[in-house]
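# Structure assessment
Listed below are the residues making up each chain.
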Amino acid sequence: MTTLAELIIVAVILLNLSLAASGSLATCIRLAAAQGVIAALLPLLAGHGVPSGTIVFCCAVILLKGAIFPWLLTRARVKANVSRDAEPVIGYPASIILCLGAFAASSWLGTRLPLPETARVAWIVPASLSTIFTGFLLLTTRGKAITQVLGYLVIENGIYIFGLALFVEQPLMVEMAILLDVFVAVFVMGITIFHISREFDHIDTAELSQLGDWYPKQSGGEK
Amino acid sequence: MLLMLIPLLSGLAAFLISDDRCRRILLLAVAGIHLALTIAALVVRPEMLPGEWFGLDSLGLLFLGVTSVLFMGASVYAVKYLALEKRDPGEDSDEGFIFNNEPEPVFTGCLLLFLAAMTAVTASRHLGILWAAVEATTLLSAPLIYFHRHKRSLEATWKYLLICSVGIAMALMGNLFLGAAGLRSGLALDLGSLLSNAMSLDQAWLKAAFLFLFVGYGTKMGLAPFHTWLPDAHSESPAVVSALLSGALLNCAFLGILRVAQVCAAAGLAGFTGDILILFGILSLMTAAFFILAQKDYKRMLAYSSIEHMGILSLGVGLGGGAVYGALLNAVSHSLTKAGLFFVSGLILAAYKTKQISEVRGLIRRVPRTAVLWMTGFFLITGTPPSGIFLGKFMILKAAVSGRHYAAAAAYLFFLTVVFAGMGRIFLDMTLGEAAALNEAEKPFKASRQMLIPAACFFACVVLLGLYMPAWLNDIISGARDLIIGGTV
């Protein structure tokens, strides 16, 4: 079954690239959801003799990442009435190149941090690190609040890939607690986005810049 | 554990209670019960079972005690504060627009749930649970920061949520790395087994894990350069929340770092972790010192002072030896003092309706009692003897010199002096100075006793700590120090 798992890893990496390349928010939400679902399948394929607890857990993850998160984010997107991302700080082609570079770097790092023999799937570490990097890229270079939440989710996907492929035997309670936190995080962020869009009439985080010590406070002028 | 369940359940209940008076009494009652239970735990020292997910060792107990005392003070203050806010909800202090407050049930509910999450942090013996609890504190405190519903608090909340969540995601990665380090020897993430088998952990993975966890919890703790959310969140949230964030939450994040440092020390990596802690400690001190000098907003100034103290804690633990005791003593005293200062800053804000330092003058004439507390707080926070902070800072300095960390000691002294000078100027200007004539129509704000007493009590405790160290507290701090240095179970 490892070939199938490796196929998933490849898909995850390709999804990273398309996330970096896409400017439509709806597409981005769908891509991140697809990545989450595919990654959630990983522990089911990687091991032999999957315990029933893991199956339940994976189903919960698929439900959350494949259905609930996209739904929450889409709702926030519709309410805020945006469809395309603001022009990113780094252009799309450059983002793709950065992503590829990150993948190369993570592959190198993967050889530096060898996993114990028990790890079952090759390329786990590079895939997970490059996914985390893509998340950071979304988080830092994109302008809309929704894309930043997506970035957070993609980072979480990356961590998940690393975690679940390794520790199927971790206590289920801990995994559940973590999952609950992520869920509440997205939920709270969704509410905050809603408030931002109501208060400012937009969700461009670049304009959330009133607080800070570097710039003198602008008096008046803003909406 | 009863300690967690009570605030958890009552927090949920608070969302449903519609009567203000009932809800406020509930808040006070829970704070009181929590404090009583904590004291009971101090006296009885419950047994820790190996492999249990929750248990209180000296380190956890120390931070739990601080959290509980702070929450008691905060809830006394909050009850009056909420009543005042209810009466005349908000005109914005700096820009003068009208805004609404968050519904009070949500605020009180989140406050109580926040207490539950912090209790879980201090009591957890499993690094996964610890992580989940720290993340829960972030999420539950976000609505607290957004109590005043306007643009600036929203911006602060967003930054806080995003920066801390991503930071904490890094900590999760660190946890997984720690798991990878123990994979060969089949170790899970519970603290007891990690500590007793630390030598069998894979060193490369353990180092990577420490780095990730340090960045993650360091973000939450407000160490420079990951501190950017902190001044915004502290300055925009209501005084009660700032006090809890600064006094209790930062400590909880610090506890996360300490737990990993414990594991690293047990694995013989104390030198590696020490260097990192010292480096970022000094960096935080430096950042705080520079920003305090040019500060225009007194709540932000207090926030930077928190960053400074987190730097001191990190430095102290990094130096090891006697400095660890100093750092822990400093943690306790800083929490109490800073919470008190934030309480007082809330009163100043209510009296002057501005957070700009330049517009607050002549406190001593206009609100004399508040002014006396404000100046007392200044002397305590900058480490003037006699105070717990002075003792803590002095122990760290002594350890730095005797451990031949001369460069660190010099930088430490220099930045402390800069902070003292910068804060001294601000505090003196605000307290003395020529007060602007009051508008005839304006009714002068009179601070109620209920809002002054918590700060006064906290300050008194810190002064007492400088003069006399009770034996039981000494026991706990020494026990916590041995845990950090020795890495024993």
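What follows concerns the overall build of chain B. Scanning chain B from terminus to terminus reveals 19 helices and two strands. Computed over the C-alpha atoms, the radius of gyration of chain B is 21 Å, within 12% of the 23 Å expected from 2.2 N^0.38 for a compact globule of 489 residues. Overall size of chain B, expressed as C-alpha extent along the three principal axes, is 75 × 55 × 40 Å. Out of the 489 residues belonging to chain B, those deemed buried represent 62%. Pairs at least 24 residues apart make up 81% of the contacts formed inside chain B by residues separated by at least 6 positions.

Scanning chain A from N- to C-terminus turns up seven helices and zero strands. The buried share among the 223 residues of chain A stands at 44%. For chain A, long-range pairs separated by at least 24 residues make up 77% of all intrachain contacts whose partners lie at least 6 apart in sequence.

This brings us to the environment of Ala400(B). Residues and elements named next belong to chain B. Position of Ala-400 relative to the elements: it lies in helix H16 (residues 388-402). By C-beta crowding, Ala-400 is classed as buried, having 27 other C-beta atoms within 10 Å. As for Ala-400 and Leu-255, which are separated by 145 residues in sequence, their C-alpha atoms are 22 Å apart. If we ignore the near neighbours within four places in the chain, the residues touching Ala-400 are Leu-319, Ala-323, His-405, Ala-408, Ala-409 and Tyr-412.

Taking 1.5 Å as the rise per residue, helix H5 (residues 127-145) of chain B with 19 residues should run 27 Å; its terminal C-alpha atoms sit 27 Å apart, in good agreement. Along H5(B), 19 of the 19 residues are buried, which leaves the element largely enclosed by surrounding structure.

What follows deals with unusual backbone geometry. All names here are of chain B. One non-glycine residue, Arg-404, lies in the positive phi region at around 60°. If you trace the backbone, Arg-404 turns up in the loop between H16 and helix H17 (406-431). Arg-404 gets classed as exposed once you count the C-beta atoms within 10 Å, which come to 9.

The subject of this paragraph is the nonpolar core. Counting residues in hydrophobic clusters, the biggest one holds 251 residues, and the most contacted among them are Ala117(B), Phe177(B), Ala209(B), Leu244(B), Phe254(B), Leu328(B) and Ile396(B). For this core, the element with the highest residue contribution is helix H10 (residues 239-266) of chain B, accounting for 21 residues.

Tracing the chain through its elements places Val372(B) in helix H15 (residues 368-381). As a C-alpha pair, Val372(B) and Glu102(B) span 270 residues in sequence and 32 Å in three-dimensional space.

Looking now at the packing of helix H4 (residues 104-123) of chain B against H10(B). Residue and element names in this part refer to chain B. Running from N to C, H4 and H10 point in directions that differ by 30°, and their axes come no closer than 9 Å. The angle between H4 and H10 places the two elements in the roughly parallel class. As for the relative orientation of H4 and H10, their crossing is left-handed in sense. Counting all contacts with H4, which are made through Met-118, Val-121 and Thr-122, the residues of H10 involved are Ala-248, Leu-249, Cys-252 and Leu-255. Classifying every residue of the contact of H4 with H10 by side-chain character gives six nonpolar, one polar and no charged.

Residue and element names in this part refer to chain B. Direction vectors running N to C along helix H8 (residues 203-221) and H10 enclose 170°, while the axes themselves pass 8 Å from each other. Judged by the inter-axis angle, H8 sits roughly antiparallel to H10. Between H8 and H10, the contacting residues are Leu-206, Phe-210, Leu-213, Phe-214, Tyr-217, Gly-218, Lys-220 and Met-221 on the first element and Leu-250, Ala-253, Phe-254, Gly-256, Ile-257, Val-260 and Cys-264 on the second. Of the residues contributing to the contact of H8 with H10, the split by class is twelve nonpolar, two polar and one charged.

All names here are of chain A. Scored by pLDDT, chain A comes out at a mean of 75, with 71% of its residues at no less than 70. Mean pLDDT values for the elements of chain A range from 71 in helix H7 (residues 172-200) up to 84 in helix H5 (residues 124-141). The low-confidence segment residues 215-223, where pLDDT is below 50, has three contacts with residues more than four positions distant or belonging to other chains.

With that settled, the discussion passes to the environment of Ile357(B). Residues and elements named next belong to chain B. By the secondary structure assignment, Ile-357 is in the loop between helix H13 (322-352) and helix H14 (363-366). Note: C-alpha distance between Ile-357 and Asp-297 (60 residues apart in sequence) is 5.3 Å. When neighbours within four sequence positions are excluded, Ile-357 is seen to be in contact with Gln-295, Lys-296, Asp-297, Tyr-298, Ile-426, Asp-429 and Met-430.

What counts and what doesn't
Residues numbered from 1 in each chain as written. Chains lettered and ligands numbered in written order. Predicted model: local features only at pLDDT ≥ 70, side-chain atom pairs only at ≥ 80, totals over all residues. Helix = DSSP H or I, 4+ residues; strand = E, 2+ residues; numbered from the N terminus. Rg over C-alpha atoms; globule rule 2.2 N^0.38 Å. Buried ≥ 20, exposed ≤ 12 C-beta atoms within 10 Å, placed from the backbone. Contact = placed C-beta atoms within 7 Å. Expected span 1.5 Å × (residues − 1). Core = buried A, V, L, I, M, F, W, Y, C linked by C-beta atoms within 7 Å. Axes fitted to C-alpha atoms, helices over the stretch in contact; angles between N-to-C directions. Parallel < 35°, antiparallel > 145°, perpendicular 65-115°, else oblique. Left-handed = near helix turned anticlockwise from the far one by under 90°. Nonpolar A, V, L, I, M, F, W, Y, C, P; charged D, E, K, R; others polar. pLDDT = per-residue confidence, 0-100.

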